[in-house]
There are 2 protein chains.
Amino acid sequence: MLDGLIISIDAMGGDDAPDVVIKGLEYFLKTTGKQRKARFLLHGDQAAINTLLAKAPLTKARSEIRHSDSSIEMDAKPSQALRRGKGSSMWNAIQSVKSGEAEIVVSAGNTGALMAMSMMILKRKQGVQRPALAASWPNEGGTSVVLDVGANVDADAGQLTEFAVLGEAFYRALYKTDRPRVSLLNVGTEDQKGNAVIKAAHERLSESQLGLNYIGYVEGSDISLGGAEVIVTDGFTGNIALKTAEGTAKLVGRYMKDALQGSWWSKFTAFLNMRALLALKKRIDPSGFNGAVFLGLNGVVIKSHGGTDAKGYANAVNIAIGLAESDFLQTIDVTLEALHDEDDNIGFIK
Amino acid sequence: MLDGLIISIDAMGGDDAPDVVIKGLEYFLKTTGKQRKARFLLHGDQAAINTLLAKAPLTKARSEIRHSDSSIEMDAKPSQALRRGKGSSMWNAIQSVKSGEAEIVVSAGNTGALMAMSMMILKRKQGVQRPALAASWPNEGGTSVVLDVGANVDADAGQLTEFAVLGEAFYRALYKTDRPRVSLLNVGTEDQKGNAVIKAAHERLSESQLGLNYIGYVEGSDISLGGAEVIVTDGFTGNIALKTAEGTAKLVGRYMKDALQGSWWSKFTAFLNMRALLALKKRIDPSGFNGAVFLGLNGVVIKSHGGTDAKGYANAVNIAIGLAESDFLQTIDVTLEALHDEDDNIGFIK
């Protein structure tokens, strides 16, 4: 049996699973995870995983395989996945959290399926209308968390308020910041800007005595420029904003590569400055921010990008462990209860 | 009297107006505008403009000043601007298009005020429910146009369909492309993704026989990576996507600057590669894409960034002239009529 902090892994989820998953765990244990006490439950095809573990000794020493006969296709619809997914590596990985065997689950599998199964197995936390997907993004001074980035395609004012509370507790737990600035993503920072839903959420958050460090509206540019630590929006806008940021970072990165490899002379001068350029590459490497988190369930589910590499997967595992070691799930219960008590007191209509 | 193509300029609009405006016109006439026959009606403070024209001989030779006593504050609310704005440089600049004296108007002033005044003075085109603001953005292969980026805070399926028609005609007119790919911005590319409004618009555009090159849904990353030429969305999402892209490009640019100036050695190697780095800087310079366009009015209104520099202002003027020389306003009438005939035929409920 395993002891210590236990992470449940959907070893078959992801474009290059289980290969990237096992390589990711090994990378984690070699680097940031060297001192961590974490152990892993690997859900998936026993034979395939065993073959890979032969080349991943650190992971092998800290893992236990739980065989599953099937896995969820990356393009399966959530409804299909729910109907046919019982017994799959994803299902079993979530089930390990439900049963209390593991603290947290990581999957690079199909997002819709993971969300639907997590909802079905773990259930929403008391007082949460809908869970949200929270993603980390680099900004000038550190890290922004944007939520919801796609668990729902819309949100009303009450849900946005809940996202603010969930996101704030998440930020404190993961990034050890006392008073992260909480904001609503809008088309401008003036009070009269935005639609009815966002104005109602703004009013609710402005009036709240919950002690959130709510700073009001921020704009799209603040995601990368660091206008707030916690940026709250509906899942439609959040998903588009995050993917827009990813696409733009990729475009500028390609421009840069073109410029530095455009001629023999450019290649030569770039070579001379290799050290600074590698540091730059690391700073804009999306794998350093891989690992979105479903918030609002009885248990924490980490969603890795399906196409991530070993380093990216390791980052998702690092986020999982950071959260599992924090008191996030306990504090959030207290904060949600306070939020809804306040809702009742002020007669907030959601 | 002026002859040839006439552009009406709100010389007092913008953070550093009228200084940047006159410098921008001069820059335009020195560079891309050298061969253009355009002339300018400069609306604003006669004395201030005259002083600046003394140092801008090309502009002086091609301009006529129209004095106005007032201008709209950059932070005025649209309602205030409408109440008190009559006779301001912005009002008069738009009025010149209404009266037929000028083909097109450019302002770097307050966006909300410009939109409200343009609506009031120029009125919506027959068959347009709401105008949209269209912005150009660099992508891997060329240019994406995103609309609406903030004229409205929401849009129904009928409006999204109109935006598609307006954006397509705009793209053809400005970028001389025969069949630009038209798309709807969504949280995924599969048919079942998105909310009810976007699905209805998708169905409507898929069924259309208008000859649009409609390719379906694209994601946020496609804005920078070139998944489509025309990207249609509501003004809330579009504004946030565009500002997110701007913020991200700025962040990566600053990272790059840090890397290249981090040490004496880095500075030295960057100096050796100056030519490629300057070309790169030009490629990611936002002023090269300055100039959003209000579509759907009887007349075309160009909105420059309030904080742009002379080069950015010149780009907005270049867009203005490109559009004024095209048959955009004529073809769009035909296309809009065809759209609404089709709406009636298929019984599309907006």
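Analysis parameters
Residues numbered from 1 in each chain as written. Chains lettered and ligands numbered in written order. Predicted model: local features only at pLDDT ≥ 70, side-chain atom pairs only at ≥ 80, totals over all residues. Heavy atoms only, no water. Core = buried A, V, L, I, M, F, W, Y, C linked by side-chain atoms within 4.5 Å. Buried < 20%, exposed > 50% of the residue type's maximum accessible area, 1.4 Å probe, protein only. Helix = DSSP H or I, 4+ residues; strand = E, 2+ residues; numbered from the N terminus. Contact = heavy atoms within 4.5 Å. Pairing = 2+ DSSP bridges. Axes fitted to C-alpha atoms, helices over the stretch in contact; angles between N-to-C directions. Phe/Tyr/Trp six-rings, centres within 6.5 Å; stacked < 30°, edge-to-face > 60°. Least-squares fit on C-alpha atoms with pLDDT ≥ 70 in both. Buried area = accessible area lost by both parts, 1.4 Å probe. Salt bridge = Lys/Arg side-chain N within 4 Å of Asp/Glu carboxyl O. Domains from an automatic or database assignment. Polar contact = N/O pair within 3.5 Å; in protein donor to acceptor, adjacent residues only side chain to side chain.

**Here's the deal with the nonpolar core**
All names here are of chain B. By size, the foremost hydrophobic cluster in this structure holds 105 residues, and its most contacted members are I9, F40, I302 and L323. No other element matches the 11 residues that helix α7 (residues 157-175) contributes to this core. Beyond its immediate stretch of four places on either side in the chain, L323 contacts I104, F170, A173, L174, V293, V300, I302 and F328.

**Some thoughts on the sheet that holds strand β1 (residues 6-10) of chain A**
All names here are of chain A. A sheet is described by the order of its strands in space; here 11 strands give the open sequence β3-β2-β1-β4-β11-β10-β5-β6-β9-β7-β8, paired in mixed fashion. Among the strands making up the open sheet, the edge pair consists of β3 (63-67) and β8 (213-218). Between one strand axis and the next, the sheet turns through 25° on average, direction left out of account. Across three bridges, the pairing between strand β10 (residues 292-295) and strand β11 (residues 300-303) is antiparallel. Bridge assignment links V293 to a residue of β11, and that residue is I302.

**Things to note about the packing of aromatic side chains**
For any pair of aromatic rings, geometry is given as the distance between the ring centres together with the angle between the planes. Residue and element names in this part refer to chain A. Considering all chains together, one arrives at four aromatic pairs over all chains under this definition. For the ring pair Y171 and Y175, a centre distance of 4.8 Å and an interplane angle of 40° mean the geometry is tilted. Within this pair, Y171 and its partner Y175 are both found in helix α7 (residues 157-175), separated by four residues, close to a single helical turn. For Y171, a relative accessible area of 5% puts it in the buried group.

**Thoughts on the relation of the copies chain A and chain B**
With an RMSD of 0.0 Å, chain A superimposes on chain B once it is rotated by 180° and translated 0.0 Å along the axis. Look at the turn and shift together and you get a two-fold axis relating the two. When the interface residues of chain A are mapped onto chain B, 100% of them are again interface residues, pointing to one common binding face.

**Considering the sheet that holds strand β5 (residues 132-138) of chain B**
What holds strands together in a sheet is hydrogen bonding between their backbones, with the strands either parallel or antiparallel. Residue and element names in this part refer to chain B. Read from one edge to the other, the open sheet built from 11 strands follows the order β3-β2-β1-β4-β11-β10-β5-β6-β9-β7-β8, with strand pairing classed as mixed. On the outer flanks of this sheet lie β3 (63-67) and β8 (213-218), each paired with one strand and no other. Within the sheet, the average angular offset between the axes of one strand and its neighbour, ignoring direction, is 25°. Strand contacts of helix α6 (residues 111-122): β4 (104-107), β5, β10 (292-295) and β11 (300-303), with the helix running at about 175° to β11, the strand carrying the most contacts.

**Considerations on the interface of chain A and chain B**
Facing the 51 residues of chain A at the interface are 51 residues of chain B. Surface buried jointly by chain A and chain B totals about 4600 Å² across both partners, of which 68% is contributed by carbon and sulfur atoms. Among the residues of chain A in contact with chain B, V187, F236 and Y255 of chain A are the three that bury the most area, contributing 14% of the side total. Viewed at the interface, chain B and chain A are joined by four salt bridges.

**A word on the domain arrangement of chain A**
All names here are of chain A. We note that the domain assignment places domain 1 (6-128 + 296-324) and domain 2 (133-285) within chain A. The distance between the C-alpha centroids of domain 1 and domain 2 comes to 25 Å. Domain 1 puts 11 residues into the contact, and the matching count from domain 2 is 10 residues. Considering only the surface of domain 1 that becomes buried against domain 2, M115, I319 and L323 emerge as the three largest contributors, covering 43% of it. Between the two partners, domain 1 and domain 2, sit zero salt bridges. Across the contact surface, domain 1 and domain 2 share one residue pair in polar contact (both at pLDDT 80 or more).

**Observations regarding the environment of V165 of chain A**
Note on placement: V165 of chain A falls in helix α7. Overall, the relative accessible area of 0% leaves V165 of chain A in the buried class.

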